[in-house]
Amino acid sequence: AMAAQMEQVGKQAGATLPQMLTALLTLYLFRITGQEDLTIGMPVTGRTDREMRRVPGMAANAVVLRFGLGLEQDFPSLVTQVRRAMRGALRHQGFRYEDLRRILGFHDTQAHLSRLGINIEPFDYHLSFGGHPARNRNLSNGAMEDLTIFVFDRQDGQGLSLAFYANPDLYGEGDLVGHAARLLRMLAAGRKLPDPALGA
């Protein structure tokens, strides 16, 4: 029910549900970091047309979303920023993240364009091979540099699933439980447009 309400609020702001979720998660990351020049990594499929989406194999990539934020900025303007940033990033999703790092001079393997990430995964987990059903399970998303917030939309009528993938050297279980509680309160408030000012 919360997801359906957020989708309706997003439509009022001209945003899809993934864009609305990204805006809310960006707002959360802004509030906990205080970074007004905020870069967020986002995995993408790397498949730009229908034919590519039909070919089995790994083609995923990562893009970087950059936001200029301020305490006095309102939420609708953040949604507009998110829409533009995501559309722009998707147009360039075929440009490899590794190549972008190299061109920008990030030669140190420990240097990253963004340490925080958001991953919205809206796809049907139903699999069938020759009429035989199969179950899809997400076992791992690799090592985390810092913190990535995942939202899984399995399109099974069960709503959204939220997960935190974090570097255990930086976050303990209590930290993540606290993040989850605060974020869920924000998402619940996101059923209507949040407070006008991002800092409110």
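Anyway, here's the lowdown on the structure attached to this text. Sequence order sets the numbering: in each chain, residues are counted from 1 along the sequence as written. pLDDT decides what is reported in this predicted model: residues at 70 or higher carry local features, side-chain atom pairs at 80 or more are listed and counted, and totals for whole chains, interfaces and linings draw on all residues regardless. Calculation of side-chain values draws on the structure's entire complement of heavy atoms; hydrogens and water are dropped beforehand.

Scanning the protein chain from N- to C-terminus turns up six helices and seven strands. Put simply, DSSP marks the helices as runs of H or I at least four residues long and the strands as runs of E at least two long, and each gets a number from the N terminus on. N-terminal to C-terminal, the α/β element order of the protein chain is α-α-β-α-β-α-α-β-β-β-β-β-α. Throughout, radius of gyration means the C-alpha value; the globule benchmark is 2.2 Å times the number of residues raised to the power 0.38. Rg of the C-alpha trace for the protein chain: 17 Å, near the compact-globule value of 16 Å for 200 residues, within the 12% margin. Each of the three principal axes of the protein chain carries a C-alpha extent, and together these read 55 × 45 × 35 Å. For every residue, the accessible area obtained with a 1.4 Å probe (protein chains only) is divided by the maximum for its type, and the residue is called buried under 20%, exposed over 50%, and partly exposed between those limits. When the 200 residues of the protein chain are sorted by exposure, 38% land in the buried category. Any two residues whose heavy atoms approach within 4.5 Å are treated as being in contact. In the protein chain, of all internal contacts separated by at least 6 residues, the share reaching a separation of at least 24 is 63%.

What follows covers the packing of helix α1 (residues 2-12) against helix α2 (residues 17-33). Helix packing for two helices is described by the angle between their axes and how far apart those axes are. The axes are straight lines fitted to the C-alpha atoms, using for helices just the contacting stretch, and the angles between their N-to-C directions are given from 0 to 180°. Interhelical geometry of α1 versus α2 gives an angle of 95° and a closest axis separation of 8 Å. The pairing of α1 with α2 is recorded here as roughly perpendicular in orientation. Residue-level inspection shows Ala3, Met6, Glu7, Val9 and Gly10 of α1 in contact with α2, the latter providing Leu17, Met20, Leu21 and Leu24. Gly is placed with the polar residues, together with every amino acid not listed as nonpolar (Ala, Val, Leu, Ile, Met, Phe, Trp, Tyr, Cys and Pro) or charged (Asp, Glu, Lys and Arg). For the contact of α1 with α2, the residue count by class is seven nonpolar, one polar and one charged. Angles are sorted into four bins: roughly parallel if under 35 degrees, roughly antiparallel if over 145, roughly perpendicular if 65 to 115, and oblique for all others.

By the element assignment, alanine 62 lies in strand β2 (residues 61-68). C-alpha separation for the pair alanine 62 and glycine 94, spaced 32 residues apart in sequence, amounts to 9.3 Å. Beyond its immediate sequence surroundings of up to four residues, alanine 62 is in contact with Met42, Pro43, Val44 and Tyr97.

Turning next to the nonpolar core. As used in this record, nonpolar core signifies buried Ala, Val, Leu, Ile, Met, Phe, Trp, Tyr and Cys residues forming a set joined through side-chain atoms within 4.5 Å. Within the largest apolar cluster, 40 residues are counted, with the highest numbers of intra-cluster contacts made by Phe75 and Leu78. Only α1, α2, β1 (37-44), β2, α4 (75-91), β3 (116-122), β6 (147-153) and α6 (173-189) provide two or more residues apiece to this core.

Further remarks concern the environment of isoleucine 120. Relative to the elements of secondary structure, isoleucine 120 occurs in strand β3. For the pair isoleucine 120 and valine 44, spaced 76 residues apart in sequence, the C-alpha to C-alpha distance is 9.1 Å. Apart from residues no more than four positions distant in its own chain, isoleucine 120 is found in contact with Pro18, Leu21, Thr22, Leu25 and Val151.

None of the figures reported here should be taken as evidence of function without further support.
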